[in-house]
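Now for the letters of each chain:
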Amino acid sequence: MTTPSPRTLAEELRNRSDSGLAGLLRSRPDLLNPVPGDLTQLATRAGTRASVVRAVERLDTFALQTAEALAVAPDPCPYPALAALMAGDAGDAAVAAELPRAVAALRAQALVWGPDDRLRLVRTARELLTPSATHPSPTGLGPAVAEAAAGMSPGRLQEIIAAAGLPATHDPVSAVAALTALFTDRARMAALLDTAPAESVAVLDRLLWGPPYGAVTDRPAAHLQWLLDRGLLLPAGARNVVLPREAALHLRAGRAHRVPEPEPPVLAPVTARDPQLVDNAAASQAFTALATVEELLKEWDLGGPPVLRAGGLSIRDLKRTAVALDTTEQLAAFWLELAYGAGLIASDGEADERYAATPAAEDWLQLPDHERWAVLAAAWLPATRTPGVVGTADAKGRALAALGPHLDRSPAPEVRRRTLTLLAALPPGACVPPAAILARLRWERPLRGAAAAPGAGQPTAPESATAPAPVEDLRSRLAQWTLTEAELLGITGRGALSTHGRALLGTNPDTGTGPETETDLDTGTAPDTWTGPDEATTTTPTAPTAPTDPTTHAAALLSPLLPEPVDHVLLQADLTAVAPGPLHRPLAEALGVLADIESKGGATVYRFTPASVRRALDAGRSAAELQEFLTTHSRTPVPQPLAYLIDDVARKHGHLRIGAAAAYVRCDDDALLSEILADRRAAALRLRRLAPTVLAAQTSPDQLLDGLRAMGYAPAAESAAGDVLIARADSYRTPPRTAPAPVPDGPPSPDRTLLEAAVRAIRAGDLAATAERKPAPAAPSAPGALPRTTSAETLATMQAAVLTSSPVWIGYVNADGAASQRVIAPVRVEGGFVTAYDHTSDEVRTYALHRITGASELADDSA
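Predicted model, so just to flag it, every value in this text is computed and none were measured.

A. Region of interest: the pattern of salt bridges. All told, the structure shown has 35 salt bridges when counted by the stated rule. Residues Arg14 and Asp766 are paired through a salt bridge, measuring 2.7 Å at the closest nitrogen-oxygen approach. Of this pair, Arg14 sits in helix H1 (residues 9-15) while Asp766 sits in helix H32 (residues 752-770), and the two are 752 residues apart along the sequence. Overall, Arg14 belongs to the partly exposed group, its relative accessible area being 28%. We note a salt bridge from Arg763 to Asp18, for which the minimum N-O separation is 3.0 Å.

B. View of the environment of Ala425. Secondary-structure assignment places Ala425 in the loop between helix H21 (412-424) and strand S9 (430-431). Separated by 158 residues in the primary sequence, Ala425 and Leu267 have C-alpha atoms spaced 9.6 Å apart.

C. Local environment of the confidence of the model for the protein. Per-chain confidence: the protein averages 84 in pLDDT, with 87% of residues scoring 70 or above. When pLDDT is averaged over each element of the protein, strand S11 (residues 496-497) comes out on top at 96 and strand S16 (residues 657-659) at the bottom at 69. In the model, residues 451-471 has pLDDT below 50 throughout and makes 16 contacts with residues more than four positions away in sequence or in other chains.

D. Structural view of helix H25 (residues 550-558). Looking at H25, one finds that the buried residues are Thr551, His553, Ala554, Ala555 and Leu558. Each element contacted by the buried residues of H25 is listed here: helix H16 (275-299), helix H20 (369-380) and helix H24 (499-504).

E. Main features of the sheet that holds strand S25 (residues 852-857). With respect to topology, five strands assemble into an open sheet ordered S24-S23-S22-S21-S25, the strand pairing being antiparallel. With partners counted over all chains shown, the strands left at the sheet margins are strand S24 (843-848) and S25, one partner each. Strand after strand, the sheet turns through a mean of 45° between neighbouring axes, direction not considered. When strand S22 (residues 819-830) meets strand S23 (residues 833-838), the two strands line up antiparallel, connected through six bridges. For Ala825, the partnering residue across the bridge sits in S23 and is Tyr837. Helix H33 (residues 791-804) rests against strand S21 (808-813), S22, S23 and S25 of the sheet, and its axis sits at about 60° to S22.

F. The sheet that holds strand S4 (residues 234-235), seen in detail. Strands sit in the order S3-S5-S4 across an open sheet of three strands; the sheet is antiparallel. The outermost strands of the open sheet, each flanked by one partner alone, are strand S3 (213-215) and S4. In this structure, S4 lies alongside strand S5 (residues 240-242), joined through two bridges in antiparallel fashion. Residue pairing in the sheet places Leu234 in a bridge with Val242 of S5.

G. Focus on a negative patch on the surface. A surface patch of like charges, here negative, comprises Asp668, Asp669, Asp670 and Glu675. One can find Asp668 in the loop between strand S17 (663-666) and helix H30 (670-678). Of the residues examined, Asp668 reaches a relative accessible area of 68% and is grouped as exposed.

H. Layout of the pairing of strand S13 (residues 576-579). Here S13 shows no split at all, with Thr576 and Val578 on one side and Ala577 and Ala579 on the other all buried. As paired elements, strand S12 (residues 570-572) and S13 share three bridges and run antiparallel to each other. Note on S13: the bridge partner recorded for Gln572 is Thr576. Linking S12 to S13, which pair antiparallel, is a turn of three residues; within it Leu575 sits at a positive phi near 60°. Taken together, the four bridges between S13 and strand S15 (residues 604-607) define a ladder with antiparallel strand orientation. Looking at the pairing, Thr576 lines up with Arg607 of S15.

I. Summary view of the packing of H20 against helix H23 (residues 474-489). Interhelical geometry of H20 versus H23 gives an angle of 170° and a closest axis separation of 11 Å. Overall, the two elements H20 and H23 adopt an arrangement that is roughly antiparallel. Counting all contacts with H20, which are made through Trp373, Leu376 and Trp380, the residues of H23 involved are Thr482, Glu485, Ala486 and Leu489. Among the residues forming the contact of H20 with H23, the class breakdown is five nonpolar, one polar and one charged.

J. The arrangement of the nonpolar core in detail. Leu25, Leu42, Leu82, Leu232 and Leu233 are the most contacted members of the largest nonpolar core, which totals 89 residues. It is helix H5 (residues 61-72) that contributes the most residues to this core, eight residues altogether. Residue contacts for Leu233: discarding those within four places in its chain leaves Val203, Leu207, Leu224, Leu227, Leu228, Val241, Val242, Leu243 and Pro244. Of all hydrophobic cores here, the second largest spans 72 residues; its members include Ala286, Leu422, Ala436 and Leu497.

K. Quick look at the packing of helix H11 (residues 172-184) against helix H12 (residues 186-194). Viewed as axis vectors pointing N to C, H11 and H12 meet at an angle of 85°, and their least axial separation amounts to 5 Å. Between H11 and H12, the angle falls in the class roughly perpendicular. Each of Ala181, Leu182, Phe183 and Thr184 in H11 lies in contact with H12, whose residues at this interface are Arg186, Arg188, Met189 and Leu192. Tallied by class, residues from the contact of H11 with H12 come to five nonpolar, one polar and two charged.

L. How the structure looks around the environment of Ala825. Within the secondary structure layout, Ala825 lies in strand S22. Along the sequence, Ala825 and Trp809 sit 16 residues apart, while their C-alpha atoms lie 9.0 Å from each other. Residue contacts for Ala825: discarding those within four places in its chain leaves Ser806, Pro807, Ala836, Tyr837 and His839.

M. Representation of empty space enclosed by the protein. Under the definition given, this model contains four cavities of 30 Å³ or more. Computed from the structure, the largest cavity encloses a volume of approximately 60 Å³. The wall of the largest cavity is formed by Arg385, Thr386, Pro387, Ala412, Val415, Arg416, Leu478, Trp481, Thr482 and Glu485. Among the elements of the structure, H21 and H23 are those that each provide at least two residues to the lining of the largest cavity. For the lining of the largest cavity, the element with the most residues is H23, which contributes four residues. For the lining of the largest cavity, a count of residues per class yields five nonpolar, two polar and three charged.

N. The arrangement of the packing of aromatic side chains in detail. One pass over the full model with this rule turns up three aromatic pairs. Between Tyr812 and Tyr847, the aromatic rings sit 4.9 Å apart at their centres with planes inclined by 80°, giving edge-to-face as the arrangement. Placement of the pair is Tyr812 in strand S21 and Tyr847 in strand S24, with a sequence separation of 35 residues. Each member of the pair, Tyr812 together with Tyr847, is buried. Positioned above the aromatic ring of Trp380, the side-chain terminus of Arg416 is 5.2 Å from the ring centre. It is Arg621 that lies over the ring of Phe629; its NZ or CZ is 5.6 Å from the centre.

Basis of the calculations
Residues numbered from 1 in each chain as written. Predicted model: local features only at pLDDT ≥ 70, side-chain atom pairs only at ≥ 80, totals over all residues. Heavy atoms only, no water. Salt bridge = Lys/Arg side-chain N within 4 Å of Asp/Glu carboxyl O. Helix = DSSP H or I, 4+ residues; strand = E, 2+ residues; numbered from the N terminus. Buried < 20%, exposed > 50% of the residue type's maximum accessible area, 1.4 Å probe, protein only. pLDDT = per-residue confidence, 0-100. Contact = heavy atoms within 4.5 Å. Pairing = 2+ DSSP bridges. Axes fitted to C-alpha atoms, helices over the stretch in contact; angles between N-to-C directions. Patch = residues over 30% accessible without salt bridge, like charges linked within 9 Å, V, L, I, M, F, W, Y side chains within 5 Å. Areas by Shrake-Rupley, 256 points an atom, 1.4 Å probe, with all protein chains shown as cover. Lys, Arg positive; Asp, Glu negative; His and termini not counted. Charge placed at Lys NZ, Arg CZ, Asp CG, Glu CD. Parallel < 35°, antiparallel > 145°, perpendicular 65-115°, else oblique. Nonpolar A, V, L, I, M, F, W, Y, C, P; charged D, E, K, R; others polar. Core = buried A, V, L, I, M, F, W, Y, C linked by side-chain atoms within 4.5 Å. 1 Å grid on protein atoms, 1.4 Å probe; cavity = no way out; pocket = protein on both sides within 12 Å on 5 of 7 lines; lining within 4 Å. Points joined across faces, edges and corners; volume = space filled by probe spheres on them. Phe/Tyr/Trp six-rings, centres within 6.5 Å; stacked < 30°, edge-to-face > 60°. Lys NZ or Arg CZ within 6 Å of the ring centre and 35° of its normal.

Structure, rendered in structure tokens:
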């Protein structure tokens, strides 16, 4: 027996398998919020404009071209007619091979329904994609003859068909039909065009691929008049004309698109590199990334710059940070956003709000290098905050600030992961030019974030229209930023995805293969396969001992590639020390206090200066301790100039004592105080002698310390008890802060459990709404209305159903006032309650009799 063709989308969804419904809900998760009560509600929601726009935006280029062709085809459209629109009269093997996939993708997303002999585009999608004067189609086609001639007088229509050599008709409808039949008849249309002047054919050629609109004067030229007389140009306004769709399709040899793109662009040319070299380059960059973030935290250790009133970092502070990190402002914004996204920096929330490291930064600094990298990579991959837009203008023309609001771009995680997935599809160590990646992404999502073409929809003369270069779409910019940022983080090396980068994506580092769900992004649809809870899918593990967490696995693969920390330096006679590799953290911190970093790279160079030695003495170290420290951690003897420098600074250090009066200077050597008073450079400090060994100042202790040190002295601060204050750099930390949460790009993709429950609930609700019921005197007449029976009738129906073990259809209003229809199998009726198995929720529930609006027995064949 042949299954009848569905008359509505709801009927087609009703005929789908559970796996088909699950595929629809997986590819369009917005349909699940909230879960539809039945398949009619699901079909209605699938046809709403917002949902259809979102689904259309996620189509690949060929599926979108197929939908655009259906929008200009007759409704319904047979599959052969659609194939002719896509491949043209000459045919195209690639189009013919890929068209079934495109139609299946559209049908899986409920954008197309009906059998192959009656394909129908969802009404909302047809409205979106059908060309019009204000909304042109990428096909470049204009309105059909019937649409363009809708406002023409019957007399003018008769003149057109007479000039075209057609017999007169009795009404405008038949005249339009005759003209349409002429334009769709290849032989007769070719004979008509053979008589056209060359100038007329040239005009048609200019309008052929769009835009199909042109401007004419009140007295058109002879070659234009020839086209107007025969309906090859129809009025589209006071002084505008349009090339009818049927005539354009004849001139195009039946093709709806100038260049169909059935297959994605090939990722080429492929450059093969040694995978080990790629991994080493990526590991080197990963180590540099850790050093950069660590340097940022050190720069803000005592508190960072203030927060702008509108949020974010000022341009001046961004420049200052870029100088401290020895990088550009754009890259500084990336490192700031990376640390912010990982929860390492945040605002302190004080009245004079400023940025600083968080308590989580302390824990991060204590982790091994590969685990620290994993924290950064795990924060970067799903982040929606996009540092690439820093410095650009928002909708109100204001510059977007680093760490400020309005930096979230919801498509960023999808583009980031898809870009890396394309690299993972290449052989290990291989890379392709960024242009190839961008071309592939544009094919996969041609509408996501694309900029509208300037002047779209305006009727202009094709021969004189000059369109400016289109603005680069957001998706392409996100992909370019992804490639740059992945290289900075050491996920890629020399343009190729590293082994630990593949592991971060959850792909097999040896084969490059990943989870099955990654392939869904090629078409923007989820596979139309779904297994129930008892049909577990068997997968082969990527490695026998691979951790389940991709980030942990990636960190484990990166760990042996990172340089081992060293516990020594090489002291040199020019007051420098060379670290031949990354130092152990305690050694690096201690040496960072005693010396200044002069240069970074494979070997870090530290320089000892009087100021750096004094800094170490201020931190509580004695000269003997410093000498012992250098002797212990240097593979070379301590040079004599360095030893003299330490002893000389230590001898002077603390000879002067400064405390709070506003401030005072105390010294046992009154001659030294007299020397300071006599120095003209001390005038700004406004000193005066209070006693032979004490000077008072009208500046703060900090300013007094800096002033005397600038004069060449080595004062030390002291406490109220007269003890020397140890100037350790106590870290300033914010209160505990959580990292910013990504802004989702629409509803999250449902998991298997939610899909199972949703499909079961929709099926049960549809059964309750569509099950055939026995006629009752109070049965509702409107489809979908709640049953209405008296309390006595409801009670009698329930008691009878308990005795016969038969299901009944009820209307129920819950405590929140929400009404629903349900199919239940009553088990017990007592105390004003009905205990029954609810087919809708697939569980045993209890219902209050007074909340049941009515009950009706199901027909015998439905029971």
